[in-house]
Amino acid sequence: AREATEYRGIAARANYLALDRADIKFAVKEARRGMAIPTRGDLRKLRRIGRYLISHPRVVLDYRFQEEQGESLAFSDSDWAGCQKTRRSTPGGCVVRNGCLLKSWS
C-alpha cells in the first residue's frame, strides 16, 4: 500500500510537469494509466521518465517578437486502440502559430 501511494504521488508530480513539457506528455499519460493498481512495470515507466528528466532538465520555448499575425496550424493524430492491454486510443496533437507552440495534448 505504501509503494502504491508513493507511485501515485510521483505520477501526480510528473503530470504537473507535463503541463509545461510537451516532450513528456505521452509518457506521463501512459504512466498515469496504472494509478488505480500500480505494477512493477508501471514503476519502470516512472523511472524511465525520471532518467529522461535528469538527462534533459530544461526545455526552452522561444517566442520571438512578431510584427504580423500569421496563420495558426493544428496537427492531430490518433493510434486507434494502440494500447495492447486496454485497447484504448491515444489522441494527440498541437496548435502552432508562426512556428510557436501554443497548445499540445496527449
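Residues numbered from 1 in each chain as written. Predicted model: local features only at pLDDT ≥ 70, side-chain atom pairs only at ≥ 80, totals over all residues. Heavy atoms only, no water.

### A few points about helix α1 (residues 2–18)
Item 1. Over its 17 residues, α1 runs 24 Å from end to end, which matches the ideal 24 Å to within 8%, given 1.5 Å per residue.
Item 2. Along α1, the positions that sit buried rather than exposed are A4, Y7, A11, A14 and A18. Down the axis of α1, the sector holding all buried residues measures 85 degrees, keeping them to one side. Turned more than 90 degrees away from the buried face of α1, the exposed residues are R2, T5, R13 and Y16.
Item 3. On its buried face, α1 is in contact with α2 (25–32) and α3 (40–55). (Helix = DSSP H or I, 4+ residues; strand = E, 2+ residues; numbered from the N terminus. Expected span 1.5 Å × (residues − 1). Buried < 20%, exposed > 50% of the residue type's maximum accessible area, 1.4 Å probe, protein only. Arc of directions from axis to C-beta. Contact = heavy atoms within 4.5 Å.)

### Here we look at the sheet that holds strand β2 (residues 91–97)
Item 1. In spatial order, the strands read β1-β2-β3; together these three strands make up an open sheet with antiparallel pairing. The open sheet has two free edges, formed respectively by β1 (72–78) and β3 (100–105), since each of these has just one partner strand. The mean angle between the axes of side-by-side strands here comes to 15 degrees, regardless of whether they run parallel or antiparallel. (Pairing = 2+ DSSP bridges. Axes fitted to C-alpha atoms, helices over the stretch in contact; angles between N-to-C directions.)

### Side note on the pairing of β3
Two faces, one strand: in a regular strand the side chains alternate between the faces of the sheet.
Item 1. Summarising the sheet, β2 and β3 pair through five bridges and their orientation is antiparallel. The partner of V95 across the bridge, within β3, is K103.
Item 2. Linking β2 back to β3 in an antiparallel pair, the connection comprises two residues, with N98 at a positive phi of about 50 degrees.

### Observations concerning the confidence of the model for the chain
Note that predicted coordinates carrying low pLDDT should not be read in detail.
Item 1. Chain-level statistics for the chain give a pLDDT mean of 85 and a share of 96% at 70 or above.
Item 2. Within the chain, no element has a lower average pLDDT than β3, which sits at 83, and none a higher one than α3, at 92. (pLDDT = per-residue confidence, 0-100.)

### Notes on the pairing of β2
Item 1. Examined bridge by bridge, β1 and β2 share seven bridges and lie antiparallel to one another. By the bridge assignment, S76 is partnered in β2 with G93.

### Considerations on the packing of α2 against α3
Item 1. Interaxial distance between α2 and α3 falls to 9 Å at its minimum, and their mutual angle equals 155 degrees. When the axes of α2 and α3 are compared, the pair comes out roughly antiparallel. Here the hand of the crossing between α2 and α3 comes out left-handed. Every residue of α3 that contacts α2 at A27, V28, E30 and A31 is listed here: K45, L46 and I49. (Parallel < 35°, antiparallel > 145°, perpendicular 65-115°, else oblique. Left-handed = near helix turned anticlockwise from the far one by under 90°.)

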